[in-house]
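If you want the building blocks of each chain, they are given just below.
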Amino acid sequence: MSFLAVFLICLVVGYVLKAIWNNLKGAWHNSPPGPIFVPGLGSTLTFAMGGRDALKFPLLVIDDMAKKYGEVMRLTMGPQHTVFLSGLKSIKEFSSMEETTMRPYNETLLEMYSDGEPLGMGIGIGGERWKEQRRFSARALRDLGAGKKGMDAKILQEVVHTIEDIKDKVRGTQKLKKVDQYFDLPDLNVIWALVAGIRYEYDDPVAHKQFDYLRSFLQESTAGPLTATPMLKYIPPFSGIYQNIRKCMDEFRVLIKSVIRNQAETFDPEHIRGYIDKFLVEQKANRGKFFTDKDLIINCQDLFIAGSETASKTLSNCFLWMVLHPEVQDKIQEELDTVIGNSRHVIMDDRPNLPYTDAALMEVRRISTPFPITPPRTAPRDITIQGYNIPAGTPVQMNIYSVLRGEKYFDNPNEFKPERFLNAKKEIVVPEGFIPFGYGKRRCLGENLATVSNFMFFANLLQVFTFRALDPKHPPSTLPCGGLTYGPQPFDVSVSVRD
Ligand code: HEM
């Protein structure tokens with residue numbers, strides 16, 4: 001071996017040892033445990049070899065790793081350290097701190113989500129902008145009726161469209177195709193009614209195209225690793241995936257921009273149609289600091305994505321589990337028949353009298369959560385979680401899945417059992433570990449709306465239809481499918497109209 005080769009090897013080994021030493025001594029002193037990492041590459045190889053088809057199911061690999069390394073785990077992808085919190089204690093401790101409402105500046109995520117700028121209330125930001133925009137959005141949605149009494153009447157109109165559409169689709173075939181995507185448009189209509197007062201027909205190609213664009217981002221299983229390891233965007237095949245996501249998200253915003261333009265052109269302060277009008281009122285009155293055109297676009301994008309994706313995936317999951325557990329479906333229908341009958345639709349006032357139906361929906365939310373790992377947050381100062389140091393600026397992600405599927409919080413967590421949410425008197429009980437909407441100050445903004453909307457669709461569709469597996473010997477898979485949000489794998493079902 002030449003002198004130069006020996007010299008180069010020594011240099012590399014020295015660099016690696018120095019990087020490890022700096023990590024142990026520096027800000028990462030007393031750091032959370034995690035898989036061994038090589039400076040520059042991180043634990044990428046350990047992750048890729050994590051079994052379970054690592055790139056297809058990164059969620060499950062992270063959850064397996066957390067079982068090995070503990071509730072506070074450091075995972076280093078490329079040069080980027082990220083901390084994953086699993087278990088209720090660490091999640092509560094972290095999200096109860098005022099300073100952890102920030103999201104880290106993640107260039108790649110922002111490039112994909114908002115053309116590189118930290119805009120809006122959902123993904124990109126924290127601090128003053130988030131506070132102002134979140135407060136405004138929460139108030140605006142509340143004023144527009146989200147989650148309030150009476151909202152169910154509006155949602156019922158959409159449910160009735162869905163019932164008629166399913167009847168049309170299954171006439172003669174008894175088959176409903178692509179249930180994993182079927183609820184995208186009905187749910188978009190629920191949120192879009194609040195945002196702009198508009199609705200799309202279920203066969204509208206423009207609206208369907210929007211979901212195709214979104215899928216290229218949200219259902220892309222490498223989107224998580226791509227944002228955690230920015231250098232991947234320069235390396236094939238990730239570079240192609242990254243470019244495609246950017247192109248699709250640009251296209252996605254074309255429709256949002258045209259909806260906003262249209263609303264601005266027809267704006268009438270005396271007739272507020274929805275969220276966009278309310279934003280325009282603030283903008284025209286020069287209130288606040290962040291009522292900019294660009295923030296409005298990304299806020300609408302946040303509502304489109306957070307509002308339709310998660311709620312629609314929940315509904316698809318509902319019918320997946322109903323097909324897998326026909327005995328649960330029968331029990332729900334028995335309850336609906338006894339309490340409501342078939343001469344009228346189900347409304348929200350019926351909910352307290354339908355505890356089994358409610359419990360089954362909660363069980364779906366628990367076992368198949370659409371947002372199993374929350375988008376990253378960070379603190380602007382060093383913090384300590386469960387005794388471990390986390391340096392300022394480190395991305396922290398909460399593994400909600402670990403709680404919702406954790407043995408510590410739920411008996412036999414992988415079993416589908418609505419009864420776990422009922423006490424001996426058949427009343428609903430909400431266990432501490434039931435956190436599908438996140439926890440703390442940045443928890444989901446649309447919890448009330450999603451609760452009403454999901455319940456209205458679920459109960460009314462089961463009142464009218466029975467859903468069964470097309471081939472009971474080959475039932476659809478329960479393995480989650482996705483990247484940033486998760487839904488069921490593609491599946492069709494057999495549907496019959498009840499007498
Ligand atoms: C079943 C349906 C839903 C589930 C399971 C769900 C769950 C979640 C979760 C886990 C988060 C992340 C919290 C965090 O970062 O700590 C979140 C954030 C968010 N959700 Fe939902 N969500 C649902 C429906 C909705 C709906 C209908 C809306 C629309 C109004 C909505 C709006 C938002 C927004 C705007 C955020 C970001 C909040 C922020 O960063 O301050 N979500 N949601």
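Residues numbered from 1 in each chain as written. Predicted model: local features only at pLDDT ≥ 70, side-chain atom pairs only at ≥ 80, totals over all residues.

## Some details on the UniProt feature "binding site: heme" (unreviewed entry) in the chain
Here's step 1: Per the UniProt record, "binding site: heme" (unreviewed entry) is annotated on Cys 444.
Here's step 2: Its place among the elements puts Cys 444 in the loop between α17 (400-404) and α18 (447-464).
Here's step 3: In this structure, Cys 444 is in contact with Phe 437 and Gly 438, ignoring residues within four places of it in sequence. (UniProt positions renumbered as here; feature names shortened; annotations may be inferred. Helix = DSSP H or I, 4+ residues; strand = E, 2+ residues; numbered from the N terminus. Contact = placed C-beta atoms within 7 Å.)

## A few points about the site of the ligand
Here's step 1: Around the ligand lies a shell of 28 residues, among which Ala 306, Gly 307, Gly 438, Cys 444 and Gly 446 are the nearest.
Here's step 2: Mapped onto the shell around the ligand, the elements with two or more residues apiece are α6 (127-143), α14 (293-324) and α18.
Here's step 3: When residues of the shell around the ligand are assigned to their parent elements, the largest contribution, 7 residues, is made by α14.
Here's step 4: Its residues placed into classes, the shell around the ligand shows 16 nonpolar, 8 polar and 4 charged. (Near = placed C-beta within 6 Å. Nonpolar A, V, L, I, M, F, W, Y, C, P; charged D, E, K, R; others polar.)

## Observations regarding α14
Think of an α-helix as 3.6 residues a turn; residues three or four steps apart then line up on the same face.
Here's step 1: Between its terminal C-alpha atoms α14 stretches 46 Å, which fits the 46 Å expected from 32 residues at 1.5 Å a residue.
Here's step 2: Across the 32 residues that make up α14, a large majority, 28, are buried. (Expected span 1.5 Å × (residues − 1). Buried ≥ 20, exposed ≤ 12 C-beta atoms within 10 Å, placed from the backbone.)

## Examining the sheet that holds strand β6 (residues 396-399)
Here's step 1: If you walk across this open sheet you meet the 3 strands as β1-β2-β6, and the pairing is mixed. Where the open sheet ends on each side, the last strands, each with one partner, are β1 (72-77) and β6. Between one strand axis and the next, the sheet turns through 30 degrees on average, direction left out of account.
Here's step 2: In this sheet, β6 lies alongside strand β2 (residues 80-86) in parallel orientation, the contact comprising 4 bridges. Across the sheet, Phe 84 pairs through a bridge with Gln 397, a residue of β6.
Here's step 3: Where helix α3 (residues 58-69) meets the sheet, it contacts β1, β2 and β6, and its direction lies at approximately 130 degrees from that of β1. (Pairing = 2+ DSSP bridges. Axes fitted to C-alpha atoms, helices over the stretch in contact; angles between N-to-C directions.)

## A look at the sheet that holds strand β10 (residues 493-497)
Here's step 1: What the 3 strands build is an open sheet, ordered β3-β10-β7; its pairing is antiparallel. The open sheet has two edge strands, β3 (175-176) and β7 (465-468), and neither has a second partner.
Here's step 2: As judged from the 2 bridges shared by β3 and β10, these two strands associate in the antiparallel manner. What sits directly across from Lys 175, in β10, is Ser 494.
Here's step 3: Relative to β7, α14 is tilted by about 70 degrees, and along the sheet it contacts β7 and β10.

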